[in-house]
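Examining the three-dimensional arrangement
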Amino acid sequence: MFINNPLFLSRITKQEIKYLHRMRIIAGIILSLFCLTAAAQKKAAYVSGKVLDENDNVISGVSVIILGKATGVVSADSGTFRIKVPAEKAFALIFSHTGYADFQKNFFLSDNEEEKVTIKLQHSGKTLGTIIIGDDRERKELGITKINPKNAVVLPSTTGGIEGLIKILVGSNNELTSQYSVRDGNYEENLIYINDFEIFRPYLVRSGQQEGLSFINPELARNVSFYNGGFQSKYGDKMSSVLDIQYKKPKSFGGSVYVSFLEQGFHLEGSAKNEKITYIMGVRNRSNRNLLSSQETKGAYIPSSTDVQGYLTYKLNEKWQLELLGNFSTTSFTLIPEDAQKTSSVFSPLFTANLGLDIFFEGQERDGYKTNLIGLSAVNQPNKKLKLKWMLSRFQNKENENFDIAGAYLFGDRDFDNNSASFGQIVNPLGAGYYQNYGRNTLDITVWNAALKGSWEEGSHFIQFGNSIEQTNIKDKLYEWEYQDSAGYSLPVNTGRLNSFFNTTANLSIKKYSGYVQDNIVFKNEKSDITLQAGIRYNYNSLNKELLISPRAQVSIKPNWKKDVVFKLAAGIYNQPPFYRELRRYDGTINTALKSQKSYQVVAGLDYNFKNAGRPFRITTEAYYKNIKDLIPYDVDNVRIRYFGNNNAKGYAYGLETRFYTELVKDAESWLSIGLMKTKENIDGDYYQQYLNAAGEPITSTSADKVVADSVRQDVGWLRRPTDRMITIGLFLQDYLSTNKNFRVHLNMLYGSNMPFNIPNSVKYRNALVIDPYIRVDIGFSALLLSEKSARRSHNPFRGFDNIWASFEIFNLIDRPNTISYQLIKDFSNTTYSIPNRLTPRLINFKIVARF
């Protein structure tokens, strides 16, 4: 401003004016260079990664913008993205996509730093994943429950896994086994499929403590569908339930590692060659030593179980894909018992007593179970309407049990006076004796299966069909004997001799042919949507040369009401051909002429979705009736099922099941299951003689006149089945702190009313003993030790991990001594007493899970 002022110009020379002009030019150049340098040195960083949905599927077309800015980037078809962001300042990225809830992530990055993240978007309006809303298929099929396999990882349970979640739905009476009973069925009446291959369990297991890992690895599972009755024709020939599991086909690399007091393992997954190849594999090891060390029988428990599983897919072209499923599992169980102390309290109007049984052992038990499966399938889709799946599998199960255990025991009143010198000891002996169990048993089962499954979609029709040929080879050797004596009295009365002796072998070759065809038809009009499923399956096996035809049908109606309700009805015939266990009688012989058990079932239900106080709720209710003929009676002792080996009974079951699904807090699903049931059986020709004295009165242990003068035949008639349980309640609850979702609690509660227990070799008192109600509460507390990747710098040693969780679990929180079975003992007067065999007391577990 001074240079253009006339007064200023009159006072300076021309040389000075030229100098000032030069300085102005230089200053302008310097100022321009400074601005350019500042602009060039503006700090920047990058954020890159992948966007997935709740099921780890990639999402393309996701908008990624910086909060407050109008521009950004969009995720590619592979779900990946990379965006330039400011450095040395806090900012947030907003991820948005149609049908998903917006997701905001906060960052603070250094200059030139690149942060890699994995973003998971939640479907908008869907809050319970696979349970609350569910897809149309789930809501329109009877008996189906979609289970989220991720819940199996956080479930506080001694067995854990998918089966632990199923037990909450259907009930349980044994926390040491992964097996479960559905409605009136036993463990042998459940079908299990993994990627359409049928899975079998070990058969010689006698107690839950001998079991190892469940076949199903929840870390590998993608979809889990559980049917508790009324299932479709495409599923096989058993009478109770179906567990249908599909393993993942991952599209990116990942994995997990976990360690706990009970189990350790890891899994890896990924893809290669532009996702033409996908792979997932898992390794697990389990030892129940901490659980078993608290059992009533003290001694050296050495259980161990290891398995390796893998699932590989290769996409040849757009029409062909190869799939390979493999599993190898080995379980060993060694027990060197020392002693056991068992107690039972007796209360009556006449007296009260604390009865005790002390046993001192010698000998040992060594069992081994090896299972392997290899399944190859080729999936062909010639066109959009037709899909074919060719399958070939081999399953082998090799088992052996070796035991030679003897026990000397003392039975009587136990002293529970803390001030007494004999506290805990038997002070009034009522009986003493000795017994010995010996066995050298082996079993080798090999199953070859070749099958074709397919589907055809045309308009409102979806037709499914399949056929399979199966070859089963069974080699079995049973060499077992038992001796019992109680001061001259044994069960049954048999002084100084073997009570039971088995020495048999079996070598069976069985061919089975089965197939099905069914159609799913959808009818839609202004008043309602109707879905009809109708199908038929056949089964023929060469052992008993029996041909079975099983028609099945379902219908669901969804009225176009304001209320979201679906009504469902199903009916069908469900037959179960005999396998290894059913064929073997109590005396060890094999009945190859044994026929299939046959049932017809009717199920009616409804599915109701609604919202209350902004939270979604879902209620499902089913009423069922099952009528069974050619029934094969059996007894259950722990997890061992002993069949009569004859089709000499009939039975029925009916009940009502209601399940209530909701969220106590957002993103933490919970459910309550309540079941009511009644089941009975009538064994042909089941009777006993009631002896009468001279006065015509029945002779009992309290009768004054015990001289037999006459007898009357008493037909037993209808009795409770071994699985009869009137009330079953299961609760799975999740919650977290209102101020921090990283601290969570998981609760698992089971209640089952009393069940019958059979007295061996007794017709009059069959299933007369009662096992007390099963009540169990397990609780787990988990904390997020390591948060999402975006909160960690590039030099962090844990940068490769997505998150790390730690859990503290308390099993049997209320420390209830649940009963699994009874041991029968006679005293010196030949009176029989039942001493309960208890399950596990309160225990703790600690677990760490890391995902990457």
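Note that the coordinates shown come from a computational prediction; the quantities given were computed from them, not determined experimentally.

1. Side note on the sheet that holds strand β8 (residues 144-147)
Spatially, the 5 strands line up as an open sheet ordered β8-β11-β12-β9-β10, and their pairing is mixed. The two strands at the open ends of the sheet, each matched to only one other strand, are β8 and β10 (197-198). Sheet analysis places strand β9 (residues 190-194) next to β10, joined by 2 bridges and oriented antiparallel. Each residue of the ladder has a partner; that of Ile194, found in β10, is Phe197.

2. Describing the sheet that holds strand β5 (residues 90-96)
The antiparallel open sheet is built from 4 strands, whose spatial order is β3-β2-β5-β6. Both outer strands of the open sheet, β3 (72-74) and β6 (103-108), are each paired with one neighbouring strand and no more. In this sheet, neighbouring strand axes are inclined to one another by 20° on average, regardless of whether the strands run parallel or antiparallel. The pairing of strand β2 (residues 63-66) with β5 spans 4 bridges and is antiparallel. What sits directly across from Val64, in β5, is Phe95.

3. A word on the nonpolar core
The biggest cluster of nonpolar side chains holds 56 residues, and the ones touching the most others in it are Phe226 and Leu243. The biggest single contributor to this core is helix α5 (residues 161-170), with 6 residues. In contact with Phe226, not counting residues within four places along its chain, are Gly143, Ile144, Thr145, Ile147, Ile166, Leu169, Val170, Tyr180, Val182, Ser241, Val242 and Leu243.

4. Quick notes on α5
Where burial is concerned, most of α5 is hidden: 10 out of the 10 residues are buried. Of the positions making up α5, those classed as buried are Gly161, Ile162, Glu163, Gly164, Leu165, Ile166, Lys167, Ile168, Leu169 and Val170. Just past α5, the residue Gly171 takes up positive phi, approximately 95°.

5. With respect to a nonpolar patch on the surface
On the surface, a cluster of nonpolar side chains totalling about 530 Å² of accessible area is made up of Phe253, Tyr279, Leu312, Leu324, Ile374 and Leu376. The topology assignment puts Ile374 in strand β18 (residues 352-380).

6. As for the side chain of Asn845
Relative to the elements of secondary structure, Asn845 occurs in strand β43 (residues 843-851). Excluding anything up to four places from it in sequence, Asn845 contacts Ser260, Phe261, Leu262, Ser807, Phe808, Glu809 and Phe811.

7. What to know about the environment of Arg851
Turning to its location among the elements, Arg851 is positioned in strand β43. Here Arg851 falls in the partly exposed class, since its relative accessible area comes to 26%. It is 9.5 Å that separates the C-alpha atoms of Arg851 and Phe266, two residues lying 585 residues apart in sequence. Excluding anything up to four places from it in sequence, Arg851 contacts Val153, Glu219, Gly255, Ser256, Phe801, Asp802 and Asn803.

8. Side note on the pairing of strand β42 (residues 832-838)
Inspection of the sheet shows strand β41 (residues 819-826) paired to β42 by 7 bridges, in the antiparallel sense. Looking at β42, one finds that Ser821 is bridged to Asn837. With antiparallel pairing between neighbouring strands as the criterion, β41 and β42 make up a hairpin whose turn holds 5 residues, including Asn830 at a positive phi of roughly 70°.

9. Regarding the packing of aromatic side chains
A complete count under the given rule lists 32 aromatic pairs for this structure. An angle of 15° between the planes, with centres 5.4 Å apart, marks the rings of Phe91 and Phe107 as stacked. In this pair, Phe91 sits in strand β5 while Phe107 sits in strand β6, placing the two residues 16 residues apart along the sequence. Accessibility expressed as a relative area gives 9% for Phe91, which makes it buried. Ring geometry for Phe200 versus Phe579: centroids 6.0 Å apart, planes at 15°, classification stacked. Of this pair, Phe200 sits in the loop between β10 and β11 (221-227) while Phe579 sits in the loop between β25 (564-576) and α7 (580-583); the two residues are 379 residues apart in sequence, bridging distant segments of the chain. Residue classification places Phe200 among the buried positions, given a relative accessible area of 11%. Residue Phe579 is classed as buried on the basis of its relative accessible area of 18%. The rings of Phe200, Tyr203, Phe395, Phe579 and Tyr580 are connected pair by pair, giving a single aromatic cluster. The ring of Tyr46 carries the charged tip of Arg82 above its face, separated from the ring centre by 4.0 Å. Between Arg183 and the ring centre of Tyr624, over which it is positioned, the NZ or CZ distance is 4.1 Å.

10. Description of the confidence of the model for the protein chain
Put simply, the protein chain has an average pLDDT of 85, and 89% of its residues get 70 or more. Contacts from residues 125-135, a stretch scored under 50 in pLDDT, to residues over four places away or in other chains number 28 contacts.

11. Quick word on the pattern of salt bridges
Evaluated as defined, the whole model comprises 37 salt bridges. Residue Asp307 pairs with Arg284 through a salt bridge whose shortest N-O separation is 2.7 Å. You can see Asp307 sitting in strand β16 (residues 297-315) and its partner Arg284 sitting in strand β15 (residues 277-286), a full 23 residues away along the chain. Residues Asp307 and Arg284 agree in their burial class; the two are buried.

Thresholds applied
For every chain, the first residue of the written sequence is number 1, and numbering continues from 1 onward in sequence order. In keeping with the predicted nature of the model, local features appear solely for residues at pLDDT of at least 70, side-chain atom pairs appear and are counted solely at 80 or more, and the whole-chain, interface and lining totals rest on all residues. Only hydrogens and water are set aside; all other atoms, that is, all heavy atoms of the structure, feed into the side-chain values. By the convention used here, strands pair only if DSSP detects at least 2 bridges between them. By the criteria applied, helices consist of DSSP H or I runs no shorter than four residues and strands consist of E runs no shorter than two, each listed in order from the N terminus. An axis is simply a line fitted to the C-alpha atoms; with a helix, the fit covers only the stretch in contact. Between two such axes, the angle follows the N-to-C directions and lies from 0 to 180 degrees. Remark: nonpolar core denotes a set of buried residues (Ala, Val, Leu, Ile, Met, Phe, Trp, Tyr, Cys) joined through side-chain atoms within 4.5 Å. Classification of residues uses two cut-offs on accessible area relative to the type maximum, computed with a 1.4 Å probe and protein chains only: under 20% is buried, over 50% is exposed, and between them is partly exposed. Only heavy atoms enter the contact rule, under which two residues are in contact if any of them lie within 4.5 Å. Here, patches come from residues exposed beyond 30% relative accessible area and free of salt bridges, joined within 9 Å for like charges and within 5 Å for nonpolar side chains (Val, Leu, Ile, Met, Phe, Trp, Tyr). Each accessible area is a Shrake-Rupley result for a 1.4 Å probe, and residues are judged covered by the shown protein chains and nothing else. Only one rule defines a salt bridge in this text: a Lys or Arg side-chain nitrogen within 4 Å of an Asp or Glu carboxyl oxygen. A pair of aromatic rings is counted whenever rings of Phe, Tyr or Trp (Trp by its six-membered ring) have centres within 6.5 Å, and the orientation is called stacked for planes under 30 degrees apart, edge-to-face for over 60 and tilted otherwise. Criterion for a charge above a ring: Arg CZ or Lys NZ at most 6 Å from the ring centre, at most 35 degrees from the ring normal. Values of pLDDT, which run from 0 to 100, indicate the predictor's confidence residue by residue.

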